[in-house]
Amino acid sequence: MKYTLKKVLTLVLTLLIVSFLTFIAFQVVPGDSAVTQLGTNATEENIEALREAMNLNGNVLVRYGRWLSRVFTGDFGISSQYKIPVSSLILERMPVTIWLAALSFSFILVLSIPFGIMAAKKEGEGVDRIISFFTHTGMGIPPFFLGIIITLLFGFILKWFTPGSYIGPKENFGLFLGYMIYPALANAIPKAAMVLKFLRSSIIRQLQMDYVRTARSKGNLENPILYKHVLKNAFIPVLTFIGMIIADTLAGSIAIEQVFSLPGLGRLLVMAISNRDYAVVQVIVLYIAATIVVINFIVDMLYQWIDPRVRVK
Amino acid sequence: MNHPLIKVKDVTIGFRDKGNVSKVTDKVSFQLEKGEILGVVGESGSGKTMTALAIMGLLSKDAEVLEGSILFEHKDLLKLKQEELRKINGNQISMIFQEPMTSLNPVITIGHQIEEMLLLHEPELHSDERKKRVLEALQEADLKDPESLFYKYPHQLSGGMRQRVMIAMAMICSPKVLIADEPTTALDVTIQAKILKLIKKLNKDHGTSVILISHDLGVIKSICKRALVMQDGKIVEEGTVEEIFSDPVKDYTKKLLAAMPGREKKKLYNEAAEKETYQGHSKKLEVESTKKAERDCTEAETEAKRKSEIKEVRNTDEVTILEVHHLDVFYEENVKKVFAKKKLKKVVNKVSLSVKYGEVLGIVGESGSGKSTLAKAITGLIKDVSGEIKLKDKKPQMVFQDPYGSLNPAKKVSWILEEPLRIAGGYTRQERKEKVLQILKEVGLKEKLGERYLSQLSGGQRQRVAIGAAIIQNSRLIVLDEPVSALDVTVQAQILELLKKLREEHDLSYLFISHDLNVIYQMCDRVCVMYQGEIVETADAWDLFHQPNHPYSKKLLETMV
Amino acid sequence: MKNKKINNLNFKIGISIISLVLLFIIIGLFYTPYDPNAMDGTAKNMAPGFTHLFGTDNFGRDVLSRVMEGGRTTFFVALLTVAIGAFFGTLVGAFTGYYGGWLDEILMRINDGVASFPSILLALIVVSLIGPGKYNVIIALGIIFIPSFARVVRSEYITLKERDFVKNAKLMGASDLRIMFVHILPNTKAILLSSLTIGFNNAVLAEAGMSYLQLGVQPPDPSLGRMLSEAQSYMFMSPWCAIFPGIMIVLSVIGFSLINER
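Quick notes on the rules
- Residues numbered from 1 in each chain as written.
- Chains lettered and ligands numbered in written order.
- Predicted model: local features only at pLDDT ≥ 70, side-chain atom pairs only at ≥ 80, totals over all residues.
- Helix = DSSP H or I, 4+ residues; strand = E, 2+ residues; numbered from the N terminus.
- Buried ≥ 20, exposed ≤ 12 C-beta atoms within 10 Å, placed from the backbone.
- Contact = placed C-beta atoms within 7 Å.
- Axes fitted to C-alpha atoms, helices over the stretch in contact; angles between N-to-C directions.
- Parallel < 35°, antiparallel > 145°, perpendicular 65-115°, else oblique.
- Left-handed = near helix turned anticlockwise from the far one by under 90°.
- Nonpolar A, V, L, I, M, F, W, Y, C, P; charged D, E, K, R; others polar.
- UniProt positions renumbered as here; feature names shortened; annotations may be inferred.
- pLDDT = per-residue confidence, 0-100.
- Expected span 1.5 Å × (residues − 1).
- Bend = angle between axes of the 7 residues up to and from the residue.
- Pairing = 2+ DSSP bridges.
- Right-handed = clockwise from strand over helix to strand, strands pointing away.
- Domains from an automatic or database assignment.

S.K.: So what exactly am I meant to see when it comes to the overall build of chain B here?
M.R.: Looking only at helices and strands, chain B features 21 helices and 20 strands. Across the 561 residues in chain B, those meeting the buried criterion constitute 45%. At a minimum sequence separation of 6, the contacts of chain B that also span at least 24 residues come to 70%.

S.K.: How should the overall build of chain C be read in this particular structure?
M.R.: When you go through chain C residue by residue, the secondary structure sums to 10 helices and 0 strands. Listing every helix and strand of chain C by position from the N terminus yields α-α-α-α-α-α-α-α-α-α. Taking the principal axes of the C-alpha coordinates as reference, chain C spans close to 75 × 50 × 30 Å. Out of the 262 residues in chain C, the part that is buried amounts to 53%. Taking as baseline every contact in chain C between residues at least 6 positions apart, the subset at least 24 positions apart corresponds to 70%.

S.K.: Is there a simple way to think about the environment of Glu122 of chain B in this case?
M.R.: In this structure, Glu122 of chain B sits in the loop between helix 3 (110–121) and helix 4 (127–140). Placed 270 residues apart in sequence, Glu122 of chain B and Lys392 of chain B show a C-alpha to C-alpha distance of 70 Å.

S.K.: Got a minute to help me understand the packing of helix 3 of chain B against helix 4 of chain B in this structure?
M.R.: Helix-helix packing: each pair is described by the crossing angle between the helix axes and the interaxial distance. Residues and elements named next belong to chain B. Axis separation between helix 3 and helix 4 bottoms out at 9 Å; the angle between their running directions is 115°. Between helix 3 and helix 4, the angle is such that the two are roughly perpendicular. Crossing of helix 3 over helix 4 shows right-handed handedness. On helix 4, the residues touching Gly111, Ile114, Glu115 and Leu118 of helix 3 are Arg130, Arg133, Val134 and Ala137. For the contact of helix 3 with helix 4, the class distribution of residues is 4 nonpolar, 1 polar and 3 charged.

S.K.: Teacher, can you tell me more about the UniProt feature "transmembrane region" (unreviewed entry) in chain C here?
M.R.: Residues and elements named next belong to chain C. Here the UniProt-annotated "transmembrane region" (unreviewed entry) positions come out as residues 12–31, 75–101, 113–131, 137–153, 190–213 and 233–259. The span residues 75–101 is 96% helix and 0% strand, and its two end C-alpha atoms sit 38 Å from each other. Overall, residues 190–213 shows 96% helix and 0% strand. The separation of its end C-alpha atoms is 35 Å.

S.K.: Any chance you could explain the interface of chain B and chain C here in plain terms?
M.R.: It is common to give the size of an interface as the accessible area that goes away when the parts come together. Taken residue by residue, the interface counts 23 residues in chain B and 17 residues in chain C. Counting only elements with at least two residues in the side of chain B that touches chain C, the list comes to strand 16 (397–399) and helix 15 (413–424) of chain B. Among the elements that take part in the side of chain B that touches chain C, helix 15 of chain B stands out by supplying 4 residues, more than any other. Split by residue class, the side of chain B that touches chain C holds 12 nonpolar, 6 polar and 5 charged.

S.K.: Would you explain the UniProt feature "domain: ABC transporter" (unreviewed entry) in chain B in this entry?
M.R.: Residues annotated in UniProt with the feature "domain: ABC transporter" (unreviewed entry) correspond here to residues 6–257 and 330–557 of chain B. Helix makes up 38% of residues 6–257 of chain B and strand 26%, whereas the separation of the span's terminal C-alpha atoms amounts to 28 Å.

S.K.: Mind showing me how you'd approach the confidence of the model for chain C here?
M.R.: If pLDDT is low for a region, its predicted coordinates should not be looked at in detail. Residues and elements named next belong to chain C. Model confidence for chain C is summarised by a mean pLDDT of 86, while 97% of its residues fall at 70 or above. Predicted confidence in chain C is weakest over helix 3 (residues 101–115), with a mean pLDDT of 79, and strongest over helix 7 (residues 176–184), with 94. Scoring the predicted complex yields pTM 0.78 and, for the interface, ipTM 0.84.

S.K.: How should I be thinking about the UniProt feature "domain: ABC transmembrane type-1" (unreviewed entry) in chain C in this particular structure?
M.R.: Taking the numbering used here, the UniProt-annotated feature "domain: ABC transmembrane type-1" (unreviewed entry) corresponds to residues 71–260 of chain C. End C-alpha to end C-alpha, residues 71–260 of chain C measures 21 Å, and it is 82% helix and 0% strand.

S.K.: Mind showing me how you'd approach helix 8 (residues 173–207) of chain A here?
M.R.: A turn of α-helix holds 3.6 residues, and therefore any two residues three or four places apart point the same way. Over its 35 residues, helix 8 of chain A runs only 44 Å from end to end, short of the ideal 51 Å by more than 12%, given 1.5 Å per residue. The largest bend in helix 8 of chain A amounts to roughly 35° and is located at Ala188 of chain A, with the proline Pro190 of chain A lying one to four residues further along.

S.K.: What is the right way to look at the confidence of the model for chain B in this model?
M.R.: Residue and element names in this part refer to chain B. Mean pLDDT over chain B stands at 83; residues scoring 70 or higher make up 86%. A low-confidence stretch, residues 262–298 (pLDDT under 50), is modelled with 37 contacts involving residues beyond four sequence positions or located in other chains. Throughout residues 311–316 the model reports pLDDT below 50, and contacts reaching past four residues in sequence, or to other chains, amount to 8 contacts.

S.K.: Is there a simple way to think about the sheet that holds strand 7 (residues 93–96) of chain B in this case?
M.R.: Strands belonging to one sheet form pairs held by backbone hydrogen bonds; the direction of such a pair is parallel or antiparallel. All names here are of chain B. Across the sheet, which stays open at both edges, the 6 strands sit in the order 7-8-9-4-10-11 with mixed pairing between neighbours. Unpaired on one side and paired on the other, strand 7 and strand 11 (234–240) mark the two borders of the sheet. Neighbour-to-neighbour, the strand axes of the sheet open up by a mean angle of 15°, direction not taken into account. As paired strands, strand 7 and strand 8 (residues 177–181) are joined by 4 bridges and run parallel to one another. Within the sheet, the bridge partner assigned to Met95 lies in strand 8 and is Ile179.

S.K.: Can you help me understand the interface of chain A and chain C in this one?
M.R.: Taken together, the 30 residues of chain A in the interface contact 31 residues of chain C. Those elements that provide at least two residues to the side of chain A that touches chain C are helix 6 (126–140), helix 7 (143–157), helix 10 (222–259), helix 11 (265–274) and helix 12 (278–306) of chain A. Partitioning the side of chain A that touches chain C into residue classes produces 22 nonpolar, 7 polar and 1 charged.

S.K.: Can you help me understand the pairing of strand 18 (residues 509–514) of chain B in this one?
M.R.: In summary, the side chains of a regular strand alternate between the two faces of the sheet. All names here are of chain B. Within strand 18, 6 of the 6 residues are buried, which leaves it mostly tucked inside the rest of the structure. Along strand 18, one buried face is formed by Ser509, Leu511 and Ile513 and the opposite face, lined by Tyr510, Phe512 and Ser514, is buried too. With 5 bridges connecting them, strand 17 (residues 477–481) and strand 18 associate as parallel partners. The residue of strand 18 that forms the bridge with Leu480 is Phe512. You can see the chain leave strand 17, run along helix 18 (residues 489–506) and come back into strand 18, and the turn it takes is right-handed.

S.K.: How do you make sense of the domain arrangement of chain B when you look at a structure like this?
M.R.: Taken domain by domain, chain B comprises domain 1 (6–258) and domain 2 (403–474). Inter-centroid distance (C-alpha atoms) of domain 1 of chain B to domain 2 of chain B is 41 Å.

S.K.: Any chance you could explain the sheet that holds strand 20 (residues 534–540) of chain B here in plain terms?
M.R.: All names here are of chain B. A sheet is described by the order of its strands in space; here 6 strands give the open sequence 16-17-18-14-19-20, paired in mixed fashion. Of all strands in the sheet, those with a lone pairing partner are strand 16 and strand 20, marking the two edges. The average undirected angle you get between the axes of adjacent strands in this sheet is 20°. Sheet strands touched by helix 17 (residues 459–471): strand 16 and strand 17. Its angle to strand 16, the strand with the most contacts, is close to 175°.

S.K.: Would you take a moment to explain the environment of Glu69 of chain C for this structure?
M.R.: Along the chain, Glu69 of chain C turns up in helix 2 (residues 63–99). Overall, Glu69 of chain C belongs to the buried group, with 23 C-beta atoms counted inside 10 Å.

S.K.: Would you mind going over the packing of helix 6 of chain A against helix 10 (residues 240–260) of chain C with me for this structure?
M.R.: Between helix 6 of chain A and helix 10 of chain C, the least distance of the axes is 8 Å, while the angle of their chain directions is 125°. When the interaxial angle is binned, helix 6 of chain A and helix 10 of chain C end up oblique. You can see that helix 6 of chain A and helix 10 of chain C cross each other, and the crossing is right-handed. In this structure, helix 6 of chain A contributes His136, Thr137, Met139 and Gly140 of chain A to the contact, and helix 10 of chain C contributes Val250, Val253, Ile254, Ser257 and Leu258 of chain C. Residues belonging to the contact of helix 6 of chain A with helix 10 of chain C are distributed by class as follows: 5 nonpolar, 4 polar and no charged.

Pasting the structure below:
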């Protein structure tokens with residue numbers, strides 16, 4: 001219980017720090033955004049009004065406080081490139097990115113866990129080597145290049161889907177999912193390879209532990225040893241790794257959305273950076289950062305559940 | 001007579017690598033009778049553990065039994081399928097291992113780990129009944145409060161308790177054979193004796209035959225009737241413990257016995273001598289000729305002789321090189337908070353001692369008694385101290401327990417030996433080179449070893465390098481922190497000899513720290529006994545070993561099997 | 001034993017791949033079949049053949065020459081990035097690991113925070129502030145790589161400083177700096193080397209990713225990521241424009257990760 005409380009406090013504190021850093025980072029942007037936005041011909045009053053609206057007056061802490069309270073009410077300001085509230089932009093794009101991440105993550109688990117166990121069980125044998133070949137190749141391919149290959153192979157050559165024919169989830173959910181499979185795969189395969197490799201070596205390491213010998217001496221057969229004794233231990237380090245992978249999956253969607261022209265947050269972020277639309281950049285960065293912090297929190301909680309040594313501390 | 005329970009015949013185990021086979025055991029044959037405790041003794045690498053693992057069918061993937069048979073109740077265990085073998089494992093033959101800290105699964109409760117035995121071998125039991133049996137087994141292994149232990153995880157238990165859990169687990173199905181592989185090596189001396197007693201008790205109560213594997217002759221002698229001596233994968237000697245200890249036939253056994261330092265050895269020799277006169281045999285005991293006189297003497301005479309020998313060496317003026325008064329040493333606890341004050345825990349309490357020029361002062365105690373901490377405080381490695389440390393000479397140097405950790409693995413031997421001279425400064429490159437060569441010779445290492453990395457050296461050779469690096473700086477006081485405990489018995493003896501020789505040649509004083517009473521007795525003039533951070537007794541070595549005053553000293557001496 | 005053999009094989013394959021890639025880039029330093037930026041209106045979107053081994057893009061530029069040049073840019077960026085990260089990371093890691101204390105605590109908390117964010121995201125943030133371009137990418141990635149090196153080196157120092165050989169060196173009277181950089185540093189060689197290869201791979205991937213998003217290396221400098229993004233619009237017509245630079249990235253990443261397997 002104490003552990004949980006401590007972790008919750010850390011979570012809140014980290015979120016505050018992250019939000020502050022995100023806020024502060026975009027305060028060092030060179031030039032006066034208000035002037036940039038209105039052009040040099042604007043009147044003093046207009047500029048002053050916009051400065052007020054853009055929260056450019058007062059010292060840093062005051063402005064941070066004001067910004068934070070606006071964030072809580074969902075008011076993120078106005079996008080300079082689209083001239084509409086940032087919040088509605090984000091809400092519109094968010095589902096695509098969340099779906100992409102969720103699908104990618106499912107693919108990662110489905111691909112890595114069974115094959116990882118299989119490779120570890122057959123360490124050094126043919127199956128292991130074949131899996132290992134695919135792991136190495138998978139890890140070496142940048143997701144966006146894999147995306148291009150998938151587009152070429154399944155889109156242009158096999159014609160299983162039409163590249164660029166994205167359909168929103170509200171229009172036709174089935175078609176939406178059918179299209180999303182490909183970007184999700186492109187995003188998932190390299191990360192699945194990493195998880196697989198990590199899981200494999202973790203299982204192999206655990207199989208050499210003394211307690212496995214004890215389990216054998218008790219008369220256990222190999223499969224029960226693997227599933228009852230080894231896997232739980234082997235998953236402990238993998239858990240942290242998966243936490244990192246989720247963060248990577250989120251970041252990976254930035255490029256993947258570009259490849260498959262998905263109207264998600266990643267694509268919005270890239271556009272916003274190119275167009276110096278800082279209000280949008282800031283919010284997306286904050287969103288991704290907060291998600292990562294929360295994921296790490298969840299991983300910590302899961303730890304407590306899986307590893308008794310953490311529980312007592 | 002009954003059939004033997006286990007009959008091991010001509011078992012050869014080897015590692016296969018490509019086409020090459022390297023043998024670990026060579027035609028090992030022995031029998032285990034019903035109800036007996038059979039000792040298997042030998043140094044690490046002698047193949048004793050491999051033989052045990054072969055009986056259990058637990059050899060690692062790259063090792064295999066090349067020939068031979070292991071008969072258990074008329075079945076050849078080596079020919080059984082894995083499924084059949086695993087029905088015998090745990091149920092009829094069970095095993096406990098050296099490392100109680102890692103032998104239990106860290107994420108499963110104690111109760112469930114023991115219960116698993118019953119699930120595997122007596123699946124018909126009801127769950128209530130299973131739990132009852134587990135609690136009984138824990139109780140029988142002398143574990144208190146089995147009910148709460150049932151739901152605990154291994155990391156919540158001490159090493160000794162974990163080994164008891166292992167024993168409870170191994171015994172729950174009342175196996176016919178228990179194999180104990182170095183069951184006490186990782187434990188403290190006082191706990192060692194208790195675990196051995198427990199094994200003996202279980203052997204008596206259940207009639208379980210035991211194979212006890214150990215490198216420690218003392219352990220073997222304490223509970224075994226019959227023993228095997230293994231060397232380089234072969235059984236070199238077999239017989240009753242009495243025969244082996246009093247009348248070793250093979251050179252290797254003699255060497256092992258000779259390497260058993262100090263009092264224990266003498267005790268054995270005396271027993272042997274007694275037996276000799278009693279039986280009227282005139283069989284000659286072939287021991288190294290220098291030890292011959294010692295053997296024939298009574299203990300007191302030997303001691304007098306030893307003392308006079310030491311006197312010759314010792315500097316006549318009895319000036320102290322080191323004086324320690326009322327020393328408290330604190331240990332900084334790991335606090336994982338950013339701005340928390342450091343928490344200091346007192347580990348050494350009001351210790352006073354002195355070392356004279358040319359003297360060897362021993363400090364003996366169990367692990368955790370604070371003796372290593374004291375050593376580090378004296379050399380200045382630990383700064384959190386209060387009290388007085390008066391040093392009359394150059395800064396003392398130190399030789400650590402583990403020669404694998406005390407020398408820089410990224411450097412060559414000659415670099416390591418040269419480094420103190422470089423730091424001290426004032427030597428030309430040529431002078432440094434010469435000095436290194438001289439030291440290599442003094443510690444008994446060949447010149448060409450200077451160009452090697454540590455990974456290419458044996459443990460004994462590394463410890464020689466460590467000793468060389470300590471004396472090259474001309475310090476008169478050397479602190480030796482368990483300098484031989486990480487080494488094999490025969491190597492131990494050689495290193496102790498080297499230390500004696502260097503003391504004479506360089507007129508050194510030693511502060512000699514060890515948990516091993518035999519080693520202490522062999523090396524030291526005076527001894528301090530440490531217990532829970534305090535020195536409870538300081539006395540001349542002979543006096544301490546014959547008339548210990550403090551109750552703890554007495555208890556400690558009792559553990560000297 | 002078996003494992004060692006496999007790893008050895010991995011290592012050999014890795015070395016061969018890397019040598020091949022390096023050879024390709026080194027040749028590119030002195031000789032490219034065509035000027036990488038020369039457009040040839042008569043040879044647009046030509047499939048790979050004898051005149052253009054890797055074909056041409058939609059401006060008629062020779063893909064082989066551009067892959068050579070682009071590979072060079074990518075490697076240059078990655079190398080400098082890793083050098084910056086490793087140098088400062090080792091310094092920070094050595095001091096914080098050796099001395100510990102509250103500065104170490106604070107730095108490491110920041111480090112942990114930074115490390116839990118994907119490097120490409122951080123790089124994008126920095127680039128959004130200082131603008132795109134080859135040197136800005138190097139600075140952005142270099143700074144972002146410091147924590148990962150510092151973390152590895154620090155944890156090595158924390159364990160190594162407790163080892164008896166360090167205590168031995170203290171007893172000899174060695175100074176802190178000598179202990180840190182003469183006694184301890186050589187012992188981190190293995191782990192540092194593997195962090196270098198991992199870091200290099202991450203840098204290649206990050207640079208390619210950013211250039212692909214058109215936020216990294218800017219034209220006319222060719223870079224592998226940039227080539228991929230330009231090729232994408234003509235995927236159906238001239239897939240080779242995407243495939244060859246992609247393969248170049250994949251090969252170098254696989255090569256280094258195989259070396260690291262040892």
